[in-house]
Structures are given as C-alpha cells and as structure tokens.
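If you want the building blocks of each chain, they are given just below.
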Amino acid sequence: MVDSINTNASSLLGVRSLQKTNSTLGNTQKEIATGKDVNSVKDNAAILAISQLLESDVAGLGSVKNSLDRAISTTDVALAASSSISDLLLQAKEKAVQAADPGLDDASRSALNQDFAAIKDQITSIVGTAEFNGTNAIKAGGDDIVAITGAEGDGNITIDAQDLSLSGGNITLTEGQSIASAADAQAAVAAIDDSLGNLTSVLSQLGSGARQLQQTKDFTEALSNTTEVGIGNLVDANLASSSANLQASQVKQALGIQSLSIANQQPAAILGLFQS
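Now for a look at the structure at hand. (Residues numbered from 1 in each chain as written. Predicted model: local features only at pLDDT ≥ 70, side-chain atom pairs only at ≥ 80, totals over all residues. Heavy atoms only, no water.)

Looking only at helices and strands, one finds five helices and two strands in the protein. In sequence order, the protein lays out its α and β elements as α-α-α-β-β-α-α. Projecting the C-alpha coordinates of the protein onto the three principal axes gives extents of approximately 145 × 30 × 25 Å. Relative to its full complement of 276 residues, the protein shows a buried share of 33%. In the protein, the share of contacts with a sequence separation of at least 24, taken over all contacts with a separation of at least 6, comes to 73%. (Helix = DSSP H or I, 4+ residues; strand = E, 2+ residues; numbered from the N terminus. Buried < 20%, exposed > 50% of the residue type's maximum accessible area, 1.4 Å probe, protein only. Contact = heavy atoms within 4.5 Å.)

Next comes the structure, spelled out in structure tokens:
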C-alpha cells in the first residue's frame, strides 16, 4: 500500500463501513418506532403490495359487517313486531270466543267488541312502526331485508318482506271485522285461526333469516381477524429481533467511529519519516 497524505484507503474503508452500519441502525430504529418491518416500497415492494390488497379486503369486510348488523337489527325489529302481533291475535281470539256465546247479553258483547277493535288498532300501529333505518319488512308493500356478504360488494342475503297488515296476505282478519254478534264472532275466530297459522310460518322464515345473517356475520368477523393476522405476519417487525439488532448496530457504530479515528491518524505517522 502506498503511504500518502492525499488518499487514506483505510479511512475510506472505515467511512463506508460506518455508513452501512448507520443505515442498518436507522432501519432498525424505524422498525422499533413503527412496529413494522415493511413501511414503504423501498423496504419490500412486493410484500407491501400484497399487504395493501389484504387491507382493502379487511376494509371491505368491515362494510359487510356493517351491512349485516343493519340487516340483523331490521330482522330483530320485524321478529319482535311479529311476536307482539301474535300475542294480540291470541287476545283477539279470546274476545271473539267470548262474544260467540249465544247467551251473552248485548252490553257485554258491545264491550268485547270495543276491546276487539282496540286490539286491531294496536296491530295496525305495530305494523306501521316496525321500522329500522328506514326499512319496514312487515307493512303492506314492505321492504325486503338485504345484506351484502362479499368484500367486493358481491353476493347478498335477502329476507323477503312479509305483509302483516290487517286484510293482508298473512293476517286475514279485516279492518272492518267485528264481533258485534255471535255469528260475526265465529267468523272472526276462523279468521284469527288462519292468521295465527300464517303468522307461524312468517316467524319461522324471519327466524331462519336471522340465523343465517348471524352465522354470516360470525364467519365474516373470523375471516377479517384472520386476514389482519396475515397482514401482521407479512409487515410487522419482530421486536425481539429488532431490539437485539439495535444493540448490535450500536456496538458496530461505536467500533466504526473508533476505527475511523485510528485510520485518520495514520497520515500523521508519515511525518515521522522526515524527522532527523
């Protein structure tokens, strides 16, 4: 090696080594600060692209969960209203059976008929107010309950609307029906029995739809959680390893500085050659 004061090869080597150590130390510090091994395309473009696609899937699954939650709540409202209507129909049947008694006096039958009319009004009120987020699935011309199931917005679960209004497809009891006479009361009992049979089918369909929605929500949450774990496996830093690398890089940095200091002193030794 040529002894020179213009070119210090040892110093240049020390500088390159120290720069490499500083770069490694900087990356390690960034991993510890962010908790991620891949922060930008410079770290690993392919892994970052994959993680971003997976993150978009997680975002899509979040929208699916929101849609399912809305549908579940709407179905719960429809089920609660249907159950209340079933209870009211049983009360109406009790009044109608009492009114069908030929030996009942007119005053008692009139009182029963008033109660009967009040029960019908209550059914109408329940049907009109059984709404969640603008969706009423049990009114005449009601809305189907629909929820998306795919992260890309594809696929859906649909629960058909059920008309539970008076004189509708399921409740055959009419708005004008009364129990003012024994004959009318008997006709009302028959209509109520038909309505209760139809309502049992409605409750079964709504209940089945509610179970399907809940099962889909449970699967969606599990899929979202699994995907998030997968993203973490791709981009998250191993902090235990990063901590060890940090300490090692700090030691290398200190040694590099010391080595560079020694190398920078070597040209001064040339002066000794000119001393007499």
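The next subject is empty space enclosed by the protein. In total, this model carries one cavity of 30 Å³ or more according to the counting rule given. Quantified by volume, the largest cavity comes out at close to 30 Å³. Here the residues of the lining of the largest cavity are counted per class, giving six nonpolar, three polar and one charged. (1 Å grid on protein atoms, 1.4 Å probe; cavity = no way out; pocket = protein on both sides within 12 Å on 5 of 7 lines; lining within 4 Å. Points joined across faces, edges and corners; volume = space filled by probe spheres on them. Nonpolar A, V, L, I, M, F, W, Y, C, P; charged D, E, K, R; others polar.)

Core analysis: the largest hydrophobic core is formed by 43 residues, its most contacted members being Ile-85 and Leu-89. If you list the elements that add at least two residues to this core, you get α2 (41–99), α3 (106–129), β1 (145–148), β2 (156–159) and α4 (182–235). When residues no more than four places from it in sequence are discounted, the contact partners of Leu-89 are Ile-123, Ile-171, Leu-173, Ile-192, Ser-195, Leu-196 and Leu-199. Membership of the second largest hydrophobic core comes to five residues, among which are Val-38, Leu-48, Val-58 and Ile-231. (Core = buried A, V, L, I, M, F, W, Y, C linked by side-chain atoms within 4.5 Å.)

As a further point, take the side chain of Lys-217. You can see Lys-217 is positioned in helix α4. We classify Lys-217 as buried; its relative accessible area is 17%. At a separation of 2.8 Å, a polar atom in the side chain of Lys-217 contacts the side chain of Asp-69. In this structure Lys-217 touches Leu-68, Asp-69 and Ile-72, once residues within four positions along its chain are discounted. (Polar contact = N/O pair within 3.5 Å; in protein donor to acceptor, adjacent residues only side chain to side chain.)

Both faces of the sheet carry side chains from a regular strand, because those side chains alternate between them. With burial as the criterion, only one face of β1 is covered, namely that bearing Ile-145 and Ala-147; the residues Val-146 and Ile-148 on the opposite face remain uncovered. As paired strands, β1 and β2 are joined by four bridges and run antiparallel to one another. Within β2, the position partnered with Ala-147 by the bridge is Ile-157. (Pairing = 2+ DSSP bridges.)

Turning to the pattern of salt bridges, a few remarks are in order. Should their charged atoms come close, side chains of opposite charge can pair. Counted under the stated rule, the structure contains three salt bridges. Asp-193 serves as the salt-bridge partner of Lys-93, at 2.8 Å between the closest nitrogen and oxygen. Of the two residues, Lys-93 is situated in helix α2 and Asp-193 in helix α4; the sequence distance between them amounts to 100 residues. Owing to a relative accessible area of 34%, Asp-193 belongs among the partly exposed residues under this scheme. With a closest N to O distance of 3.6 Å, Lys-95 and Asp-115 form a salt bridge. Of this pair, Lys-95 sits in helix α2 while Asp-115 sits in helix α3; the two residues are 20 residues apart in sequence, bridging distant segments of the chain. Given the relative accessible area of 36%, Asp-115 is considered partly exposed. (Salt bridge = Lys/Arg side-chain N within 4 Å of Asp/Glu carboxyl O.)

Phi is positive for Asn-133, close to 55°, though the residue is something other than glycine. Topologically, Asn-133 is positioned in the loop between α3 and β1. Of note in this structure, Ser-167 is not a glycine but carries a positive phi near 70°. Residue placement: Ser-167 occurs in the loop between β2 and α4. According to the relative accessible area criterion, Ser-167 is partly exposed, its value standing at 44%.

As for its placement among the helices and strands, Ser-224 is situated in helix α4. With near-sequence residues (within four places) excluded, Ser-224 lies in contact with Val-58, Leu-61 and Lys-65.

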